Amino acid sequence: MEGRPFNDISYEQFLSEDKLMGSRCQKCGVLFVPPRSICIKCYGSEMEWVEMKGKGKLAAFTCIAIGPPFMIKEGYDRKHPYVCGVVGLEEGARVVARIEGVDGNKPETIKIGTPLEVEFLHSGEGENSTTFLAFRPS
Amino acid sequence: MRGRRKLGRGVAVVGAGMSKFGMFSDKDSKYLFAEAFHEMLSTVDKGIDPKDIDALYLGNFTNDFFVHQGHWGPIISDLLGLTPKPATRTEGACASSALAFREGVFAIASGFYDVVLVGGVEEMSKRSTEEVTQGLAMAASPYEVKAGFTFPGVFGAMATAYFARYGASREHLMNVTIKSHNNARLNPKAQFNVSIRDIMNQRIEKAKNKGEPVPAWRDEKEFLRDPRANPVVAWPMHLYDCCPISDGASCVLLVAEKIAKDFTDNPLYVVGIGQGSGKGLHAKEDLTYFEATRYAAQEAYELSGLKPKDVQIAEVHDCFSIAEILHIEDLGFFKPGEGYKAVEEGLTRLDGSKPINTSGGLKCKGHPVGATGTGQLVEIWKQLRGEAGERQVPIKDLRVGATQSLGGTGGTCTLTILERR
Ligand SMILES: [Zn+2]
């Protein structure tokens, strides 16, 4: 884990291992999720991997009725909207993710500030496998 | 107060034209640009010999993907008989031609050229909605795309953050939509030049003719609340919160200020230009504004020595209804959290104190992405010269107008300020 480059490829690999990882600047301590290989505060390049606890709060959301092809393939459509959101992690950084366990047809029941817990959605097999970062109300 | 940036020499707009915006199965990029160019030529009061154009800057975003041709600079240059003069394509997603304009201004301000054509073109409607969605997603942050966000989704999410902080609601967004349609009704170039009321009447008429149950909408908001008339796209963005898929082209002619009067007695001077870049949704410090727009605005205000209150009218990038509210706050026209109230009070209407999107905006005029930035300038050109016809704003001594563009989900933002002297 230590040797992996601080980039999106590693970030995705970690997600497939049920880990939400960020990079922390060893010089100034700033945390980046998804990881950056260069610190944009002090421009140091010494990073270390940090695993997030996976707890956060909903900062913004949308219920999508007309999605991209890969979401339509998953069975989402106008009658079955899915929810995407911005999640503020306990560690301070924010991530964009799918929001599970809420009703996309009832947006008025989805509240900003709702405490959430991470979930990893594994999809596809072999070369086509991918993991979607998700959260659900805790 | 003027800032540290300055233009090497003055630049003026002396002509502006656009094609009709819409969905055209029989018009391609070349045809559309020719239409815009032809209109532009007719607006140069004292005439222009196209052979005097020194260079072309052309904004385009998706033609690589949709038309499988990316090299549009020379194609349009050849179309207009401008070869071998240089042609450069600019890409800034939905702000592509705003960047073309900026590059054109720099090229003249540097002293290198005297006469520059800037414009944009986009050809989108021949593709399926899925393909267009996928193509436009090329301008979003990769993290957003992976999470399943669409463009309306990103703006929908920002709307929920804005609602939660300032107590606004979907009802307030409807005010933007109703106003845009009322303005576009007076714009023959608009893709939807009908008011919401017109659309309601058409639907009622149709239902009557077919012998179907007649909808009982009492006003525009009841129509917009009706999920059959206005279905959700990405909550809280509904169909009537979103700009359409469009084809179109637009262009403006820039010349050095010292020769502007050779072309017209009524040029518009480029007094402010600004551009900023922005981060993806997850990395934004705040979900209720665009840092890049604020930066672009500051740059343009500093260059011009003008303040937000000095800008009398503006075309802003209302790709989604919430965006118009965020932009009029980011440009300093209204305080953060006050934009939706200003719209509700009618301040941004054609007859308001700060008319916004008199053309109907992207929502109704249409949004052929590469053509939008200079398309906005065409509207300001008409308004400042008193040539906007039925939709001419009734402001006395109208001198200063602005256009604001936003590319992607806030990745590229610009502000341009024009002045009539
Ligand atoms: Zn650092």
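Note that the structure is predicted; figures quoted are calculated from it, not measured. (Residues numbered from 1 in each chain as written. Chains lettered and ligands numbered in written order. Predicted model: local features only at pLDDT ≥ 70, side-chain atom pairs only at ≥ 80, totals over all residues. Heavy atoms only, no water.)

## Overview of the coordination of the zinc ion
All names here are of chain A.
Part 1 of the reasoning: Listed as protein donors to the zinc ion are Cys25 (SG), Cys28 (SG), Cys39 (SG) and Cys42 (SG); their distances from the metal cover 2.3 Å.
Part 2 of the reasoning: For the zinc ion, the 4 donor atoms in the first shell make angles of 101 to 117° at the metal, a pattern classed as tetrahedral.
Part 3 of the reasoning: For Cys42, a relative accessible area of 24% gives the class partly exposed. (Donors = N, O, S within 2.8 Å, 3.2 Å for Na, K, Ca; no water. Tetrahedral: all angles 85-135°; square planar, octahedral: opposite > 155°, others 65-115°. Buried < 20%, exposed > 50% of the residue type's maximum accessible area, 1.4 Å probe, protein only.)

## Let's talk about the confidence of the model for chain B
Part 1 of the reasoning: Here chain B averages 96 in pLDDT, while 99% of its residues score no lower than 70.
Part 2 of the reasoning: With a pTM of 0.96, the predicted complex shows an ipTM of 0.96. (pLDDT = per-residue confidence, 0-100.)

## Considerations on the packing of helix α8 (residues 170-184) of chain B against helix α12 (residues 321-330) of chain B
Packed helix pairs are characterised by how far apart their axes lie and by the angle those axes make with each other.
All names here are of chain B.
Part 1 of the reasoning: Contact pair α8 / α12: the axes reach a minimum separation of 8 Å and the direction vectors enclose 95°. Comparing their axes, α12 and α8 come out roughly perpendicular. Facing α8, whose interface residues are His172, Leu173, Val176, Thr177, Lys179 and Ser180, α12 presents Ser321, Ile322, Glu324 and Ile325.
Part 2 of the reasoning: For the contact of α8 with α12, the class distribution of residues is 4 nonpolar, 4 polar and 2 charged. (Axes fitted to C-alpha atoms, helices over the stretch in contact; angles between N-to-C directions. Helix = DSSP H or I, 4+ residues; strand = E, 2+ residues; numbered from the N terminus. Parallel < 35°, antiparallel > 145°, perpendicular 65-115°, else oblique. Contact = heavy atoms within 4.5 Å. Nonpolar A, V, L, I, M, F, W, Y, C, P; charged D, E, K, R; others polar.)

## Topic: the packing of aromatic side chains
Part 1 of the reasoning: Inspection of every chain in the model, using the stated rule, returns 14 aromatic pairs over all chains.
Part 2 of the reasoning: Ring centres of Tyr11 of chain A and Tyr143 of chain B lie 6.4 Å apart, and the angle between their planes is 85°; this geometry places the pair in the edge-to-face category. Of the two residues, Tyr11 of chain A sits in helix α1 (residues 8-16) while Tyr143 of chain B sits in helix α6 (residues 142-147), which places them in two different chains.
Part 3 of the reasoning: When the ring of Phe14 of chain A is compared with that of Trp49 of chain A, the centres are 4.8 Å apart and the planes differ by 70°; the resulting orientation is edge-to-face. Taken together, the positions of Phe14 of chain A in helix α1 and Trp49 of chain A in strand β3 (residues 47-51) put the pair 35 residues apart, joining distant regions of the chain. The same class applies to Phe14 of chain A and to Trp49 of chain A, which are both buried.
Part 4 of the reasoning: Through a chain of ring-to-ring contacts, three or more aromatic side chains come together here, namely Phe6, Phe14 and Trp49 of chain A.
Part 5 of the reasoning: The residue whose ring lies beneath Arg4 of chain A is Phe14 of chain A, and the NZ or CZ to ring-centre distance is 4.1 Å.
Part 6 of the reasoning: Note that Arg421 of chain B overlies the ring of Tyr269 of chain B, its terminal NZ or CZ placed 4.3 Å from the centroid. (Phe/Tyr/Trp six-rings, centres within 6.5 Å; stacked < 30°, edge-to-face > 60°. Lys NZ or Arg CZ within 6 Å of the ring centre and 35° of its normal.)

## A closer look at helix α15 (residues 369-384) of chain B
All names here are of chain B.
Part 1 of the reasoning: Taking 1.5 Å of rise per residue, 16 residues should cover 22 Å, and α15 covers 24 Å from first to last C-alpha, within 8% of that figure.
Part 2 of the reasoning: With 16 of its 16 residues buried, α15 lies for the most part within the structure.
Part 3 of the reasoning: A positive phi of about 70° marks Gly386, the residue just after α15. (Expected span 1.5 Å × (residues − 1).)

## Notes on the sheet that holds strand β1 (residues 21-25) of chain A
Part 1 of the reasoning: Taken in spatial order, the 3 strands make up an open sheet running β2-β1-β3 (chain A), and their pairing is antiparallel. Looking at strand neighbours, the two that pair on one side only are β2 (31-32) and β3 of chain A, the edges of this open sheet. (Pairing = 2+ DSSP bridges.)

## Digging into unusual backbone geometry
Part 1 of the reasoning: Of note, the bond from Val33 of chain A into Pro34 of chain A is cis; its omega dihedral lies within 30 degrees of zero at -10°.
Part 2 of the reasoning: Position of Pro34 of chain A relative to the elements: it lies in the loop between β2 and β3.
Part 3 of the reasoning: The omega torsion of the bond from Thr83 of chain B to Pro84 of chain B falls at 5°, within 30 degrees of zero and hence cis.
Part 4 of the reasoning: Checked against the element boundaries, Pro84 of chain B lands in the loop between α3 (72-79) and β3 (87-90).
Part 5 of the reasoning: Phi at Tyr43 of chain A takes a positive value of approximately 65°, unusual for a residue other than glycine.

## Some thoughts on the sheet that holds β3 of chain B
All names here are of chain B.
Part 1 of the reasoning: Across the sheet, 9 strands lie side by side as β3-β2-β4-β7-β1-β8-β11-β10-β9; this open sheet has mixed pairing. The strands lining the two open edges of the sheet, one partner per strand, are β3 and β9 (313-315). For this sheet the average axis-to-axis angle between neighbouring strands, irrespective of direction, equals 25°.
Part 2 of the reasoning: Pairing of strand β8 (residues 268-277) with strand β11 (residues 412-420), which is carried by 9 bridges, proceeds in the antiparallel orientation. Residue pairing across strands places Ile273 opposite Thr416, the latter belonging to β11.
Part 3 of the reasoning: Relative to strand β7 (residues 247-256), helix α1 (residues 29-43) is tilted by about 40°, and along the sheet it contacts β1 (11-18), β2 (55-59), β4 (115-123) and β7.

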